[in-house]
Amino acid sequence: MAISESQRKAVAKYNAANYERIELRVEKGQKETIKAHAEAQGESLNGFINRAISTVIEQDNGRREAVEP
């Protein structure tokens, strides 16, 4: 089913208001490896990358709190 032009514009407007874009570069072949891993976890590529980032931030913050008095 084709998406209407008005629906496409509405989605673009919503995305512009609620999301930021980050360009990510990986070596050739890595994208398919990452995508396959994400799919094996039942996630989209974007969802997996967001989860990976959140996990590392939480781990880093936990390490910082353990070191601070």
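Quick notes on the overall build of the protein chain
Alright, step 1. Check the secondary structure of the protein chain and you find three helices and zero strands.
Alright, step 2. Secondary structure elements in the protein chain, listed N-terminal to C-terminal, are α-α-α.
Alright, step 3. Expected size for 69 residues packed as a compact globule is a radius of gyration near 11 Å; at 17 Å, the protein chain overshoots this value by more than 25%.
Alright, step 4. Taking the principal axes of the C-alpha coordinates as reference, the protein chain spans close to 55 × 30 × 25 Å.
Alright, step 5. A burial count over the protein chain gives 4% of its 69 residues as buried.
Alright, step 6. Of the side chains in the protein chain, 11 bear a positive and 11 a negative charge, and the two mean positions are spaced by 9 Å.

Observations concerning the confidence of the model for the protein chain
Alright, step 1. For the protein chain, per-residue confidence averages 93 on the pLDDT scale, and residues scoring 70 or more make up 96% of the total.
Alright, step 2. Element-level pLDDT for the protein chain is lowest in helix H3 (residues 45-67), with a mean of 91, against a maximum mean of 98 in helix H2 (residues 30-40).

Overview of the side chain of glutamate 43
Alright, step 1. Here glutamate 43 lies in the loop between H2 and H3.
Alright, step 2. Within polar-contact distance, the side chain of glutamate 43 engages the side chain of arginine 51 at 2.8 Å.
Alright, step 3. Those residues within four positions of glutamate 43 in sequence are excluded, and the remaining contacts are Ala38, Phe48 and Arg51.

Description of the pattern of salt bridges
Alright, step 1. Applying the stated criterion across every chain, the model contains four salt bridges.
Alright, step 2. With a closest N to O distance of 3.3 Å, arginine 25 and glutamate 23 form a salt bridge.
Alright, step 3. Judged by its relative accessible area of 63%, glutamate 23 falls in the exposed class.
Alright, step 4. The salt bridge involving arginine 51 is made with glutamate 43; its shortest N-O contact spans 2.8 Å.
Alright, step 5. We classify arginine 51 as partly exposed; its relative accessible area is 38%.

Some details on the environment of isoleucine 34
Alright, step 1. Residue position: isoleucine 34 is located in helix H2.
Alright, step 2. It is 7.2 Å that separates the C-alpha atoms of isoleucine 34 and leucine 45, two residues lying 11 residues apart in sequence.
Alright, step 3. Residue contacts for isoleucine 34: discarding those within four places in its chain leaves Val26, Leu45 and Phe48.

How each quantity is defined
- Residues take numbers from 1 onward in each chain, read along the sequence in its written order.
- Per-residue local features are limited, in this predicted model, to residues with pLDDT of at least 70; the limit for side-chain atom pairs, both in listing and counting, is 80 or more; totals at the level of whole chains, interfaces and linings are taken over all residues.
- Side-chain numbers come from the whole structure's heavy atoms, not from hydrogens or water.
- We count a stretch as a helix when DSSP gives it H or I for four or more residues in a row; a strand needs E for two or more, and each element gets its number in order from the N terminus.
- Between the two quantities, the radius of gyration covers C-alpha atoms and the globule rule is 2.2 Å times the number of residues to the power 0.38.
- The buried label goes to any residue with under 20% of its type's maximum accessible area, the exposed label to any with over 50%, and the partly exposed label to all in between, with areas taken from a 1.4 Å probe on protein chains only.
- The convention is simple: Lys and Arg are positive, Asp and Glu are negative, and His and the chain ends are not counted.
- To locate a charge, take NZ of a lysine, CZ of an arginine, CG of an aspartate or CD of a glutamate.
- Per residue, pLDDT measures the predictor's confidence, with a range of 0 to 100.
- Polar contacts, as counted here, are pairs of nitrogen or oxygen atoms within 3.5 Å of one another; within protein the pair requires one atom able to donate a hydrogen and one able to accept it, and residues that are adjacent in sequence qualify only if both atoms are side-chain atoms.
- Contact criterion: two residues are considered in contact whenever any of their non-hydrogen atoms come within 4.5 Å of each other.
- We define a salt bridge as a contact between a side-chain nitrogen of Lys or Arg and a carboxyl oxygen of Asp or Glu at a distance within 4 Å.

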